[in-house]
Amino acid sequence: MPDAADTDWPDQIYDLLKAHGIRQVALVPDAGHARLIRRCLADNTMKVVSLTTEEEGVAMLFGAWLGGEKGVLLMQSSGVGNCINMLSVAVAHRTPCPMLVTMRGEYGEFNPFQVPMGQATPTVLEAMGTLLNRADRPEDVAPGVDATLRLAFNTFRPAATLLGQRLLGAKTFGR
Amino acid sequence: MSAATVAHNAKRLPRAGVAKRLVARIGDGPAVIGGIGNANFDLWAAGHRARNFYMLGSMGLAIPIGLGVALAQPDRRVFVLEGDGSLLMQMGCLATVAARAPRNLAILILDNGTFQITGGQPTPAEQSGTDLVAVARACGLHRATWAADEAELDRLIDLCLIEDGPHAIGLKLDDSPPERQTERDPPQLRDRFMRGMGAKRDRTLG
C-alpha cells in the first residue's frame, strides 16, 4: 500500500494552482492528471475547458492573460507535439504559458507508439524556448510545479514540469 | 430568420468593408481579435482601437484566443474575425466553444473560399462545398448563421451586442485585397491590448 505522501501530489498541484491564482484550466485529459482534473472541476472559481487538441490550450492561455487571468495547460507528452508551432504565440508576445505534462514513452512504457514523442518531448519543448523541470518522485512535484508557475508568470515565457512515468506508474491497460 | 440563408446565396461582400462595419457598430467597449493574415489586416486598416488584438502567426488560433479573453472578462463582448482557411485548420475549436458556451463571444467567419494571402488557392472546403456555418451549427453553435448582405450583417452584429451567445456569423467575401498590413511588433500589440482591456492596470507606467 503506497504511503499517502506518495499519492497526494495531485492535491499538492491543485493547492499550488490555487496559491498562484489560476482561473483557467485548459486540458486534453490524461489518466495521470485525472485526480487533479477532478479537483479543478469541483472548484467553482476555476474555468475548466476540455479541448479538442492541445494547441487550442496554448491559445486559450494566451487569451486568458490578455484578459487579465492566469491559466495552466494540462496534457500528456504526446500532446506536446501538437503544440510546437503554437508555442510561438507565447514566445513572440512574451507571455506566460505554464504546462504540466504527464509523460509517456519512457519508464516502463508498453506501447511502442508512445516512445518517439515521449522521448522527443524535452527536446521539442526546449527548442521552442520552454524552460523545463522534471518530477520523477512525489517529493519533486510541488517544488517543480511551483517553479514552473513562478517562471512562467514572472518571466513571461513557456515553462513546463514533466511528470515522469516513474512517478505516475507505467500504464498497462490490463496488460 | 437568417438561418434560412445558405452559403450559396449569401452575397459576396467587399472584404474591406466588413471590419469597418463591425468596429463602427460596436463602439469602444468590446474586444476584437483579428485572426492571422487578412483578417487582422482588415481590422488594422479599419483604424486602431485600444481593444483590438492582431494575430500575426500560428494559424487557426484566433477563436481559442477569443475564448480565453471571453472567459477572463465575461462582462465584455468579444468578437473574433477568423478566415475560412484558419478555421479549417482548427475546426475542433467550434465544439470547444460550444461546450463552454461563453455568452459574450461572437465569431465572424470571413469566407472567401481561398487562401488569399498565398495566391488565392481554393480551400478544400471551397472545393468540396463544405458549408462552414452548417459545420458551426452541427458543432453546437446553434445560432450560427450566414449574413445575406450588409444590412443583415448590421442586424446580426447588433444581436451579438444584446443577446447571449456564443454567436457565429458567416460572411462570404469577395477577393479584393486588404487595404493595409498590420505593424509586425507582437509584444507591442499585446501590451496595447492588455492596457486597453485593463489587464495591466496595476503595472501601468504612466
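To start, this report covers the structure provided alongside it. Everything numeric in this text was worked out from a predicted model, so none of it was measured.

Details of unusual backbone geometry
All names here are of chain B. Between Gly165 and the following residue, Pro166, the backbone shows a cis peptide bond with an omega angle of 10 degrees. With respect to the secondary-structure elements, Pro166 resides in the loop between helix 8 (150–162) and strand 8 (167–172). Positive phi, normally seen in glycine, also occurs at Ser58, with a value near 55 degrees. Counting through the fold element by element, Ser58 comes out in the loop between strand 2 (52–54) and helix 3 (62–72). Here the phi dihedral of Ala101 falls at roughly 50 degrees; this positive angle occurs in a residue that is not glycine.

Quick notes on the sheet that holds strand 7 (residues 145–146) of chain B
Residues and elements named next belong to chain B. In space, the 6 strands of this open sheet follow the order 2-1-3-4-8-7, with parallel pairing throughout. Of all strands in the sheet, those bounded by a partner on one side alone are strand 2 and strand 7. Alignment of strand 1 (residues 31–34) against strand 3 (residues 78–83), held across 4 bridges, turns out to be parallel. Counterpart to Val32 in the pairing with strand 3 is Phe79.

Focus: the pairing of strand 4 (residues 105–111) of chain B
Residue and element names in this part refer to chain B. Within strand 4, 7 of the 7 residues are buried, which leaves it mostly tucked inside the rest of the structure. Burial along strand 4 is two-sided: Leu105, Ile107, Ile109 and Asp111 facing one way and Ala106, Leu108 and Leu110 facing the other are all buried. Where strand 3 meets strand 4, 6 bridges bridge the pair, whose relative direction is parallel. In the sheet register, Gly83 faces strand 4, and the bridge partner there is Leu110. Of the pairings in the sheet, the one linking strand 4 to strand 8 comprises 6 bridges and is parallel in character. Within strand 8, the residue paired with Ile109 across the bridge is Gly170.

Topic: helix 3 (residues 34–41) of chain A
Residues and elements named next belong to chain A. Turning to helix 3, its buried residues are Leu36, Ile37 and Cys40. The arc that holds every buried residue of helix 3, seen down its axis, measures 100 degrees, which confines them to one face. Buried-residue contacts for helix 3 involve helix 2 (9–19), strand 1 (22–27), strand 2 (47–50) and strand 3 (70–76).

Re the interface of chain B and chain A
Each partner contributes residues to the interface: chain B has 27 residues there, and chain A has 29 residues. When chain B packs against chain A, the two sides together hide about 2200 Å² of surface, and 65% of this comes from carbon and sulfur. At the junction of chain B with chain A, the criterion picks out 0 salt bridges. On the surface where chain B and chain A come into contact, there are 8 residue pairs in polar contact (both at pLDDT 80 or more). If you list the elements that add at least two residues to the side of chain B that touches chain A, you get helix 3, helix 5 (93–100) and helix 9 (186–196) of chain B. Of all the elements, helix 3 of chain B adds the most residues to the side of chain B that touches chain A, at 7 residues. Looking at the side of chain B that touches chain A residue by residue, the class counts come to 18 nonpolar, 6 polar and 3 charged.

Rules and cut-offs
- Residues numbered from 1 in each chain as written.
- Chains lettered and ligands numbered in written order.
- Predicted model: local features only at pLDDT ≥ 70, side-chain atom pairs only at ≥ 80, totals over all residues.
- Heavy atoms only, no water.
- Helix = DSSP H or I, 4+ residues; strand = E, 2+ residues; numbered from the N terminus.
- Pairing = 2+ DSSP bridges.
- Buried < 20%, exposed > 50% of the residue type's maximum accessible area, 1.4 Å probe, protein only.
- Arc of directions from axis to C-beta.
- Contact = heavy atoms within 4.5 Å.
- Buried area = accessible area lost by both parts, 1.4 Å probe.
- Salt bridge = Lys/Arg side-chain N within 4 Å of Asp/Glu carboxyl O.
- Polar contact = N/O pair within 3.5 Å; in protein donor to acceptor, adjacent residues only side chain to side chain.
- Nonpolar A, V, L, I, M, F, W, Y, C, P; charged D, E, K, R; others polar.

These results come straight from atomic positions and should not be treated as a statement about function.
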